[in-house]
Amino acid sequence: MNNIQEFIPQMRPLFGAEEKAELMAYLEEDGFFTEFKKTEAFERQIAEYVGAKHCVVVNNGTVSLTLAAIALGVGPGDEVIVPDYTMIATPNSVKMLGAVPVFVDVEPDTLVMDVKLARAAITPRTKAILLVSANGRAPRAGITAFEDLSRETGIPIIEDAAQSLGSFYSDGRHIGRAGAIASLSFSAPKIISTGQGGALFTDDDTLADKLRRLKDFGRASGGTDIHDSIGFNFKFTELQACVGLAQMRQLPDRISRKKDIWRRYQDGLADVKGIKLFEHDLELCSPWFIDCRAERRDQLVSYLKEHGIGTRTMYPPIHQQKAYSLSGTYEVAESIGRDGLWLPSMIQLQDTQIERVCNAIAAFYCEL
Ligand SMILES: Cc1ncc(COP(=O)(O)O)c(C=O)c1O
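Residues numbered from 1 in each chain as written. Predicted model: local features only at pLDDT ≥ 70, side-chain atom pairs only at ≥ 80, totals over all residues. Heavy atoms only, no water.

Undergrad: Would you mind going over the pairing of strand 11 (residues 340-343) with me for this structure?
TA: Two faces belong to every sheet, and in a regular strand the side chains alternate between them. Side-chain alternation along strand 11 places G340 and W342 on one buried face and L341 and L343 on a second face that is also buried. The pairing of strand 9 (residues 290-294) with strand 11 spans 4 bridges and is classified as antiparallel. Residue pairing across strands places R293 opposite G340, the latter belonging to strand 11. Bridge count for strand 10 (residues 312-313) against strand 11 is 2 bridges, and the pairing is antiparallel. In the sheet register, R312 faces strand 11, and the bridge partner there is W342. (Buried < 20%, exposed > 50% of the residue type's maximum accessible area, 1.4 Å probe, protein only. Helix = DSSP H or I, 4+ residues; strand = E, 2+ residues; numbered from the N terminus. Pairing = 2+ DSSP bridges.)

Structure below.
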């Protein structure tokens with residue numbers, strides 16, 4: 001294998017002529033840059049796409065979760081159930097409020113929170129469940145198991161759907177539509193990106209109103225200096241919205257390419273012992289990253305790097321991160337910390353590059 005070939009990154013955002021045209025057109029206007037009509041149009045597009053009554057965009061997919069928690073009444077000392085396998089933003093978003101994330105393990109095949117463990121973790125102090133649809137996957141137990149739990153206990157679900165734009169539950173609802181509020185992220189590696197950015201969606205008029213006030217200093221209405229509730233500044237910008245509008249137009253093609261990339265890896269690695277992709281039901285799910293379990297993962301990472309291929313190790317179990325340092329056993333999350341790997345997953349990945357990655361992986365396991 002020739003290791004002077006062009007480096008294949010694990011991920012790169014894709015912005016092009018459409019984004020540039022939107023931005024240039026906007027710059028020709030007498031704009032304030034801060035959120036206004038373009039942002040409203042972007043919110044409408046997201047709301048329509050996910051089938052929600054309201055969408056509120058904010059400046060990232062972490063504060064979005066914090067605002068969702070505040071809107072649902074979570075405060076200092078309250079417990080919020082979160083998966084031990086997720087991006088650390090999920091628990092940190094409620095730490096920001098002084099709330100206490102309570103970690104539970106995830107299902108081994110979907111990496112989504114195990115509903116039985118979530119039920120067992122409920123205490124009188126539990127104020128919300130933060131359900132993360134890992135890589136666009138729904139819980140194996142079925143989303144209705146979480147909805148039943150929420151109905152039975154009165155504990156609201158916040159869906160952290162940061163990785164799930166373009167993925168659906170088996171009943172046809174977009175992921176995020178089962179919770180009281182759902183959150184998306186538009187950070188650089190996501191299926192569509194605005195550089196940084198996040199969105200909240202809900203059908204609930206009161207929650208949507210609270211979210212709008214929370215992100216805009218608690219203003220009673222836009223443009224006034226009348227504040228009847230406490231709020232902050234987590235607003236978007238028109239420049240991000242321009243990029244988002246262009247990216248939303250590409251979403252169907254992006255989804256279809258992500259699915260195609262997954263199929264190509266699945267075929268290319270089917271006979272390679274030592275590596276196994278996580279399953280996706282492509283009818284419903286749009287894989288954001290190509291996730292897999294790899295034997296001798298860390299050696300594989302170095303080998304691929306030497307051969308000009310970037311990868312990213314999947315999230316370590318959060319309870320073991322120094323930031324949390326908690327005791328407890330979370331078998332699935334811990335196993336992902338040992339063997340979970342993301343392969344090159346960007347939209348612009350060429351078929352020949354996927355072949356090159358598969359061949360390099362096959363060569364690594366042959367050389368063992
Ligand atoms: C599951 C999950 N939650 C939250 C976030 C945080 O989003 P942001 O980077 O937009 O703050 C991410 C981003 O990677 C994520 O993957």
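Undergrad: In this structure, what is going on with the site of the ligand? I would like to understand it.
TA: Around the ligand there are 16 residues in total, and G61, T62, D160, S185 and K190 lie nearest to it. Here a nitrogen atom of the ligand sits 2.7 Å away from a polar atom, N or O, in the side chain of D160. Taking Q163, its side chain carries an N or O atom lying 2.9 Å from an oxygen atom of the ligand. Considering only residue class, the shell around the ligand consists of 5 nonpolar, 9 polar and 2 charged. (Near = heavy atom within 4 Å. Polar contact = N/O pair within 3.5 Å; in protein donor to acceptor, adjacent residues only side chain to side chain. Nonpolar A, V, L, I, M, F, W, Y, C, P; charged D, E, K, R; others polar.)

Undergrad: Is there a simple way to think about helix 7 (residues 205-215) in this case?
TA: Note on helix geometry: an α-helix contains 3.6 residues per turn, so any two residues three or four positions apart are oriented the same way. The complete set of buried residues in helix 7 reads L207, A208, L211, R213, L214 and K215. Where the residues of helix 7 are buried, they touch helix 2 (37-50), strand 1 (54-58), helix 3 (63-71), strand 6 (181-185) and strand 7 (198-202). Just past helix 7, the residue F217 takes up positive phi, approximately 60 degrees. (Contact = heavy atoms within 4.5 Å.)

Undergrad: In this structure, what is going on with the layout of surface pockets? I would like to understand it.
TA: The computed volume of the largest pocket comes to approximately 440 Å³. Along the walls of the largest pocket sit 17 residues, with E35, R212, D216, G222 and K235 positioned nearest its centre. When residues of the lining of the largest pocket are traced back to their parent elements, those giving at least two are helix 2 and helix 7. The leading source of residues in the lining of the largest pocket is helix 7, at 4 residues. (1 Å grid on protein atoms, 1.4 Å probe; cavity = no way out; pocket = protein on both sides within 12 Å on 5 of 7 lines; lining within 4 Å. Points joined across faces, edges and corners; volume = space filled by probe spheres on them.)

Undergrad: In this structure, what is going on with the nonpolar core? I would like to understand it.
TA: Side chains of a nonpolar character, in soluble globular proteins, are inclined to be buried together. The biggest cluster of nonpolar side chains holds 109 residues, and the ones touching the most others in it are F42, Y85, Y265 and I361. Excluding residues that lie within four positions of it along the chain, I361 makes contacts with L269, V272, I275, L300, L304 and L343. (Core = buried A, V, L, I, M, F, W, Y, C linked by side-chain atoms within 4.5 Å.)

Undergrad: Got a minute to help me understand the packing of helix 2 against helix 8 (residues 238-269) in this structure?
TA: Between two packed helices, what matters for the description is the angle formed by their axes and the separation of those axes. At a minimum axis distance of 7 Å, the contact between helix 2 and helix 8 shows a crossing angle of 25 degrees. Comparing their axes, helix 8 and helix 2 come out roughly parallel. Crossing angle aside, the handedness with which helix 2 passes helix 8 is left-handed. Note on element contacts: helix 8 touches helix 2 through E238, A241, C242, G244, L245, M248, L251 and I255, opposite K37, K38, T39, A41, F42, Q45, I46 and Y49. Split by residue class, the contact of helix 2 with helix 8 holds 10 nonpolar, 3 polar and 3 charged. (Axes fitted to C-alpha atoms, helices over the stretch in contact; angles between N-to-C directions. Parallel < 35°, antiparallel > 145°, perpendicular 65-115°, else oblique. Left-handed = near helix turned anticlockwise from the far one by under 90°.)

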